[in-house]
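These are the residues of each chain, in order.
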Amino acid sequence: MTEWCREKAEFLGLPELARKVNVTWNARMQTTAGRAWWPDRLIELNPKLKDQPPEEMWRTLRHELAHLVAYERAGRRRIEVHGAEWRAACAELGIPNEQPFHTLPFKRKRMKRNFGYVCPQCLTTIRRVKRITRVVACYACCRKYSGGLYDRRFQLLEEKL
Ligand SMILES: [Zn+2]
Ligand SMILES: [Zn+2]
């Protein structure tokens with residue numbers, strides 16, 4: 001895979017990346033599928049990808065290499081992690097509609113959070129799957145203004161989502 005990345009970098013006219021890029025497996029990764037390290041030019045992949053269909057591994061490899069390509073081109077200019085430069089690199093690497101997630105596909109399912117609550121003081125919003133039935137106040141504000149005691153001024157208000 002390192003070899004494949006080298007060839008791609010060479011092909012894209014990025015000799016330094018081609019020289020330094022390295023791909024390794026990291027068994028300590030939990031739900032993250034892959035990670036790209038800059039300026040180390042290192043790509044770490046989750047070994048759990050081996051249990052996935054092979055295209056999943058290649059998609060992840062392309063996704064991470066696209067990060068390195070984007071950073072290599074940007075040089076010292078700061079760019080957004082999944083910004084325009086990254087998307088352009090994804091398209092060049094054959095994954096034009098890549099999503100900015102790094103999680104393994106079977107973990108990608110997210111719980112739907114149907115209820116929102118907002119603190120009238122600091123406007124922090126929290127989301128819950130279930131409706132909160134007891135009376136709750138903003139923890140941060142109670143701590144800040146009421147010595148940690150419940151204060152009805154900071155009672156969370158249900159918000160329409
Ligand atoms: Zn990414
Ligand atoms: Zn608050």
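Further up the page is the structure itself.
Conventions used here
- Residues numbered from 1 in each chain as written.
- Chains lettered and ligands numbered in written order.
- Predicted model: local features only at pLDDT ≥ 70, side-chain atom pairs only at ≥ 80, totals over all residues.
- Heavy atoms only, no water.
- Pairing = 2+ DSSP bridges.
- Helix = DSSP H or I, 4+ residues; strand = E, 2+ residues; numbered from the N terminus.
- Axes fitted to C-alpha atoms, helices over the stretch in contact; angles between N-to-C directions.
- Parallel < 35°, antiparallel > 145°, perpendicular 65-115°, else oblique.
- Left-handed = near helix turned anticlockwise from the far one by under 90°.
- Contact = heavy atoms within 4.5 Å.
- Nonpolar A, V, L, I, M, F, W, Y, C, P; charged D, E, K, R; others polar.
- Donors = N, O, S within 2.8 Å, 3.2 Å for Na, K, Ca; no water.
- Tetrahedral: all angles 85-135°; square planar, octahedral: opposite > 155°, others 65-115°.
- Buried < 20%, exposed > 50% of the residue type's maximum accessible area, 1.4 Å probe, protein only.

Let us look at the sheet that holds strand β4 (residues 115-118). Spatial strand order, β5-β4-β6: 3 strands in an open sheet with antiparallel pairing. Only two strands of the sheet have a single neighbouring strand rather than two, namely β5 (125-128) and β6 (157-159). Taken pair by pair, the neighbouring strands of this sheet meet at an average axis angle of 35°, ignoring direction.

What follows concerns the packing of helix α1 (residues 2-11) against helix α3 (residues 54-74). The geometry of a pair of packed helices is captured by two quantities: the angle between their axes and the separation between those axes. Where α1 contacts α3, the two axes come as close as 11 Å, and the packing angle between them is 45°. Our classification of the angle between α1 and α3 gives oblique. For α1 against α3, the interelement crossing comes out right-handed. Contacts between α1 and α3 pair Trp4, Cys5 and Lys8 from the former with Trp58, Leu61, Arg62 and Leu65 from the latter. Classifying every residue of the contact of α1 with α3 gives 5 nonpolar, no polar and 2 charged.

Reference geometry at the metal: tetrahedral coordination by four donors gives ideal angles of 109.5 degrees; octahedral coordination by six donors gives 90 or 180 degrees. Here the zinc ion (ligand 2) is held by Cys119 (SG), Cys122 (SG), Cys138 (SG) and Cys141 (SG), and the distances to it run 2.2 to 2.3 Å. Geometry at the zinc ion (ligand 2) is tetrahedral, judged from the 4 donor atoms that bind it and their angles of 105 to 113° at the metal. Read N to C, the donor residues that coordinate the zinc ion (ligand 2) are spaced as C-x2-C-x15-C-x2-C. With Cys122 in the loop between β4 and β5 and Cys138 in the loop between β5 and α5 (139-146), this residue pair connects regions lying 16 residues apart in the sequence. Judged by its relative accessible area of 34%, Cys122 falls in the partly exposed class. Overall, Cys138 belongs to the buried group, its relative accessible area being 8%.

Everything listed here is a matter of coordinates, which is why it stays silent on function.
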